[in-house]
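Next come the chains, spelled out residue by residue.
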Amino acid sequence: MDYLMTLGIFASIYTILAISLNILTGYAGQVSLGHAALFGVGAYTSAALTVNLGFNYWAALPLSILITALVGALIGLSSLRAHSDFLVLITIGINFVVVALLKYTPFFGGPYGLLGIPRPSLFGEAMNTFEYFWYAVGWASFTILFVYWMSKKYIRTAFEAIKEDEEAAEAMTVSVPRFKIYAFAISAAFAGLAGNLWAHYMGVIFPGNFSFDTSIEIMTMIVLGGIGTIRGAVFGAVLLVFLPEYLRFVSDYRMLIYGLIIVFTMLFIPSGLLGDNSITWRWTRIFKKGDRVAKNNEN
Amino acid sequence: MKIDRVTKHFGGLVAVNSVSFDISEGELLALVGPNGAGKTTLFNVITGVLKASSGNIFFNGKEITGKRTNQIARMGIGRTFQIVRPFGKMTVLENILVPLGKAFYTRLSVFSHSPHEKIFISKAMDLLKSAYLDDEANKMASYLPIGMQRRLEIARALALEPKLLLLDEPAAGLNEKESMQLKEYIEKINSSGVSILLIEHDMKFIMSISKRIVVLDHGSKIAEGTPSEIASNPRVIEAYLGRKHKKGDKSA
Ligand SMILES: Nc1ncnc2c1ncn2[C@@H]1O[C@H](COP(=O)(O)OP(=O)(O)O)[C@@H](O)[C@H]1O
Ligand SMILES: [Mg+2]
C-alpha cells in the first residue's frame, strides 16, 4: 500500500512538472530541455532552508517557490538575446551548469547531497506517507485548476501569440520579452513547488536527481500526452510514472524508451496521444459527441 | 505622422536614404517605388522592428523613434505585412481577439480578463463582418486563401483602433474580384477616419484610391504629388522604365 502511495506521490509531482513545462513549451513555445534544473532549484532551496538554516517547512515552501520563480525569470531574461532555435541548447547548458554547481558547493552537500530533510508536519506531527500522498495530490489538483483557469485568460492568448509569431505579436501590442519572462517565471514557480514536494518526501536529495535525464523524462511526458494540453501533461506524467513499475523492460531501458517515444510521437502523432488534433483524441470524442466531431471535421 | 530625414543602412547598403514626408490626419497616402526601393524597410523603421540609423519619426506630435514595436502599436499605428503573417494556428476569430486584449498586456489584468468575454467576441465579429470574413470565423487562419488572409491581417490591425494604418502591398497576388473587395474595404476604413499609408505596385490600384503619392527609388524620395503629377514625372518614369531597360541589357 505504501508503495502505491509512493507512486501516487511521484505521479503528482511529475504531473506538476509536466504541467509547468507545458506552460513554457506548450503555451509560450519556448522549448526547454533543462526543466529539471528548476525542479532542482526548488528542491535544494527548500532543503537548504530547512536543513542548513533551520527554517520551518511552511516558511520554506513559499520561499522555495518564489526563489525558483526568480531563477526562472532570470533564465528567461538571459535567453531573450538568443534566437529561439538556440534556446534548447541554452537550457541544456543551464541544466548541466546547475547540476555541477550543486555537486561542487559544500553548502549544498556536494555529491552526497542533503540529508535529513524534514517532512512537513500537521498539528505537530510529521506527515506519514498516506497523508503526504493526499498533500501531493492536493497540490497537483491545485496546479491543474490554476493552469486551467489561466489557460482561459488573456495571459494564454499572449503566450500563444508569441509562440506563433513574435513580430506579429509585437505589432499586436504583445511585448515578447515581458511574456517570455512571465512564462519562464510561472513555469519555474510550479517546478519549484514540485522540487519542494520531492525533497520533503524523499528526505534526501542528490544533484543527480535533477540531471538532463530528468529533463528528458519531463519532456517525454508532455510530448507523449500532447503538447499544449493539460490533460496530455497529466496523462503523460501518470503513465510514465506507473509504466516502468509494472513493465520491467520499460524500467531497464528507460532512456531508450523515452527516446523512442519522443521520436515516434513526433513522427506519427505530433500532437500527442491526447492533443487537440490527434487521431487518438478524436476517437475518444467520437464515443462522446459524435456529431460535434463530424462538424469540426467539416470546417 | 511626420517622417524627418530617416536613414537606414544595412552594412554598406543604404536601404532608406534621408527620407522625409508627412501624413495628415485622415489622409490616404500611397508609397510606391520599384522592388528594393526601401518601402518595406521604411515600414519596419516606423514600427520599431528596425532601428533607424538616423532621423526622427513623430506621431501625434510625439517622437516614436527608438520605441519598441509593441509601444508604437499601442500608440495607434497598426500594420500588415508584405508576406502575410496571421497567427496561422489560431482561428480567424482568435486572431482578432489578440489585439482586443491591448489594454491588458501591460497590466496584471492579463490574468483576470478573458478573450471569451462577450464584449470581445462581439467586437471581433463586427470587425470580421466589415472585412467580409464573418463566415470564416471558426476556420484556422492558415487555411484561408491569400485574399482572405490579407483582409484578416487588416481587420486584426484595425482591432487596435489605430489612428494610422500601414499596409504593405495588400493587393499583391489578388485576383480582380479580391482586389475590388479590398479596395472597397480600404476606402471604408479610410472614410471612418483612419489615416492610411499604402505601399502598392499596382499603379491602377494606386491611382484610383489615393490623392497623394510618394515615390522612393534606391532608398531616396524622388517625387511626391498627385497621381497625375506622378504619372507625368520624368524621374518616376525613368526609375520604373530605366530599371527595366537595365534588366533587359543584362539578360541580352
Ligand atoms: N534585414 C535586411 N538586411 C539586409 N538588407 C536588407 C534587409 N531588409 C531589406 N534589405 C535590403 O534593403 C533594400 C530595400 O528592401 P525593401 O525595403 O524590402 O524594398 P521594397 O519593400 O521597396 O521592395 C533591398 O536592397 C533589400 O535587399
Ligand atoms: Mg517590400
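All values derive from a computational prediction rather than experimental measurement.

**Q** Give a description of helix H4 (residues 84-104) of chain A that names residues and reports values.
**A** Residue and element names in this part refer to chain A. Over its 21 residues, H4 extends 30 Å from the first C-alpha to the last, a length consistent with the 30 Å expected when each residue adds 1.5 Å. Listed as buried for H4 are Leu-87, Thr-91, Ile-92, Ile-94, Asn-95, Val-98, Val-99 and Leu-102. All buried residues of H4 fall inside an arc of 155° around its axis, so they share one side. Turned more than 90 degrees away from the buried face of H4 sit Asp-85, Leu-89, Leu-101 and Tyr-104, all of them exposed.

**Q** Now, about the site of ligand 1: what can you tell me, with residues and values included?
**A** Residue and element names in this part refer to chain B. Close to ligand 1 lie Phe-10, Leu-13, Ala-15, Asn-35, Gly-36, Ala-37, Gly-38, Lys-39, Thr-40 and Thr-41. A distance of 2.9 Å separates an oxygen atom of ligand 1 from a polar atom in the backbone of Gly-38. A distance of 2.5 Å separates an oxygen atom of ligand 1 from a polar atom in the side chain of Thr-41. In isolation ligand 1 exposes 560 Å². Once the protein is present, 60% of that is buried. Per-element tally for the shell around ligand 1: the top contributor is helix H1 (residues 39-46), with three residues. Per-class residue counts for the shell around ligand 1 are four nonpolar, five polar and one charged.

**Q** Go over the sheet that holds strand E1 (residues 2-10) of chain B, please, and point to the residues and values.
**A** Residues and elements named next belong to chain B. Read across the sheet, four strands follow the order E2-E1-E4-E5 without closing on themselves; strand pairing throughout is antiparallel. Unpaired on one side and paired on the other, strand E2 (13-22) and strand E5 (62-63) mark the two borders of the sheet. For strand E4 (residues 54-59) and E5, the ladder comprises two bridges, and the chain directions are antiparallel. Directly across from Phe-58, in E5, lies its bridge partner Glu-63. Across the sheet, H1 lies against E1, E2 and E4, angled at about 110° from E1, the strand it touches most.

**Q** Explain helix H9 (residues 212-225) of chain A to me, using residue names and the numbers behind them.
**A** Residue and element names in this part refer to chain A. Here H9 is 14 residues long and its end C-alpha atoms lie 20 Å apart, about the 20 Å a rise of 1.5 Å per residue gives. For H9, a buried count of 12 out of 14 residues is recorded, marking the element as mostly surrounded by other parts of the structure. Residues of H9 that are buried in the fold lie against helix H1 (2-27), helix H2 (35-52), H4, helix H10 (230-246) and helix H12 (254-268). At the C-terminal side of H9, Gly-226 shows a positive phi close to 125°.

**Q** Tell me about the side chain of Lys-153 of chain A, and please be specific about residues and values.
**A** Following the sequence through the fold, Lys-153 of chain A ends up in the loop between helix H5 (129-150) and helix H6 (154-164). No salt bridge is formed by the buried Lys-153 of chain A. Its closest oppositely charged neighbour is Glu-117 of chain B, at 6.0 Å. Leaving out residues up to four positions away in the same chain, Lys-153 of chain A has contacts with Val-110, Phe-111, Ser-112, His-113, Ser-114 and Pro-115 of chain B.

Calculation rules
- The residue count restarts for each chain, going from 1 along the sequence in the order it is written.
- In the order they appear in the text, chains get letters beginning with A and ligands get numbers beginning with 1.
- With pLDDT at 70 or above as the cut-off, local features in this predicted model cover only qualifying residues; side-chain atom pairs require 80 or more to be listed or tallied, and sums for whole chains, interfaces and linings still use all residues.
- Excluded from the side-chain calculations are hydrogens and water; all other atoms, namely the structure's heavy atoms, are used.
- A run of DSSP states H or I qualifies as a helix once it reaches four residues; a run of E qualifies as a strand once it reaches two. Both are numbered from the N-terminal end.
- What a helix is expected to span follows from its residue count: subtract one and scale by 1.5 Å.
- Each residue's exposure class comes from its accessible area (1.4 Å probe, protein chains only) as a fraction of the maximum for that residue type: buried when under 20%, exposed when over 50%, partly exposed otherwise.
- Starting at the helix axis, one direction is taken to each C-beta atom, and the arc is that of these directions.
- Being near a molecule or strand, for a residue, means having at least one of its heavy atoms within 4 Å of it.
- We define a polar contact as two N or O atoms separated by no more than 3.5 Å, with the added condition that, inside protein, one atom must be a possible hydrogen donor and the other a possible acceptor, whereas residues neighbouring each other in sequence contribute only through side-chain atom pairs.
- Using a 1.4 Å probe, accessible areas were evaluated by the Shrake-Rupley method; residue-level cover was limited to the displayed protein chains.
- Under the scheme applied here, ten amino acids are nonpolar (Ala, Val, Leu, Ile, Met, Phe, Trp, Tyr, Cys and Pro), four are charged (Asp, Glu, Lys and Arg), and all others, including Gly, are polar.
- If DSSP finds at least two bridges between two strands, the strands pair.
- Residue contacts follow a heavy-atom distance rule, with two residues in contact if any of their heavy atoms lie within 4.5 Å.
- Comment: axis = line fitted to C-alpha atoms, over the contacting stretch for helices; angle = value between 0 and 180 degrees taken between N-to-C directions.
- The charge count includes Lys and Arg as positive and Asp and Glu as negative, but it does not include His or the ends of the chains.
- Whenever a carboxyl oxygen of Asp or Glu lies within 4 Å of a side-chain nitrogen of Lys or Arg, that contact is scored as a salt bridge.

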